[in-house]
Amino acid sequence: DALALDTERFDWQSAFGNAPCSEGSDGFDAVVGNPPYVAAKNGLPGAAPPRNVGQSDLYLMFLSEVIEKRLVKSGGMLSMVLPDPMLVRGNAAAIRRKLAEDWTILSLVHISHAFPDANVANIVPVCRNARSATTEFPASRIEHAADRRSFAQRPVATAAALAGPVRPSVVL
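Let us look at the structure shown here. (Residues numbered from 1 in each chain as written. Predicted model: local features only at pLDDT ≥ 70, side-chain atom pairs only at ≥ 80, totals over all residues. Heavy atoms only, no water.)

**Structural notes on the side chain of Ser-79**
Next, step 1: For Ser-79, the location among the structural elements is in strand E4 (residues 72-80).
Next, step 2: Not counting the four nearest positions on each side in its chain, Ser-79 is found in contact with Val-31, Val-32, Gly-33, Val-124, Pro-125 and Val-126. (Helix = DSSP H or I, 4+ residues; strand = E, 2+ residues; numbered from the N terminus. Contact = heavy atoms within 4.5 Å.)

Next up, the structure:
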C-alpha cells in the first residue's frame, strides 16, 4: 500500500497516479501545505533516517520530500506554512540554499502569533520551481496585532504594504 507508514519513502506517483498535473509533465502544478512542526533529536520513530546532523524536524523532512521527489513540476508553485527557525537553523541550511539557488522565491511573509497556541512565529514562502532571474523578492513582517487583523481581512494588500526587498542570498 503506497500510503502505509513504514521505513519506505512515500511513492506519490503510485498513490496519486491520476493527480491533476499538466499533461505530459511530472509533478503537481502546485503544492501547498502546513507540515507538522514535530522535532526529535537524531530521527523520528518509523521515519527515514535523518538527512541532517543534530535535530531532525519533521517539517524539514516534508519539505525535503517535496523538493527531492520533484513533487512540484518545473515552473510549478510551492508554498508552506513553516516555523520561522527555518530561516536560521543549521539543519535547514541545505533546503534554504536549494530554494535560493534552484527555485525562485516570489515572496515571503513572516507572521508572529499566527497560531495562538504555537510557541513559534511562522513564515510562508511562495516559490516557483525555476531558477530566478530576479535579484530580490518582497518580504513582509506581520507582527503587530493591528497588522494581523488587517492581514486577516486583506492579506495581499497588507503583505504588499509591509513588504521590503530581500536578496535570495540573505536566506542562505
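That was the structure; now back to the text.
**So, the packing of helix H4 (residues 145-153) against helix H5 (residues 155-162)**
Next, step 1: Remark: H4 packs on H5, axes separated minimally by 5 Å, with the N-to-C direction vectors making an angle of 135°. The orientation of H4 relative to H5 falls into the category oblique. Facing Asp-147, Ser-150, Phe-151, Ala-152 and Gln-153 of H4, the residues of H5 in contact are Pro-155, Thr-158, Ala-159 and Leu-162.
Next, step 2: Of the residues contributing to the contact of H4 with H5, the split by class is five nonpolar, three polar and one charged. (Axes fitted to C-alpha atoms, helices over the stretch in contact; angles between N-to-C directions. Parallel < 35°, antiparallel > 145°, perpendicular 65-115°, else oblique. Nonpolar A, V, L, I, M, F, W, Y, C, P; charged D, E, K, R; others polar.)

**Looking at the packing of aromatic side chains**
Next, step 1: Following the criterion strictly, the structure yields one aromatic pair and no others.
Next, step 2: Pairing Tyr-37 with Tyr-59 gives two aromatic rings, centres 6.2 Å apart and planes at 75°, and the pair type is edge-to-face. Of this pair, Tyr-37 sits in the loop between strand E1 (28-33) and strand E2 (39-41) while Tyr-59 sits in helix H2 (residues 58-68), and the two are 22 residues apart along the sequence. (Phe/Tyr/Trp six-rings, centres within 6.5 Å; stacked < 30°, edge-to-face > 60°.)

**What about the pairing of strand E8 (residues 137-142)?**
Next, step 1: Relative to E8, strand E6 (residues 104-111) runs parallel, the two sharing four bridges. Paired with Ile-111 across the bridge in E8 is Ile-142.
Next, step 2: Here four bridges tie E8 to strand E9 (residues 163-166), and the two strands are oriented antiparallel to one another. Among the inter-strand pairings, Pro-138 is bridged to a residue of E9, identified as Pro-165. (Pairing = 2+ DSSP bridges.)

**Side note on the environment of Lys-69**
Next, step 1: Along the chain, Lys-69 falls in the loop between H2 and E4.
Next, step 2: The exposure class assigned to Lys-69 is partly exposed, which follows from its relative accessible area of 29%.
Next, step 3: With 42 residues separating them along the chain, Lys-69 and Gly-27 place their C-alpha atoms 8.7 Å apart. (Buried < 20%, exposed > 50% of the residue type's maximum accessible area, 1.4 Å probe, protein only.)

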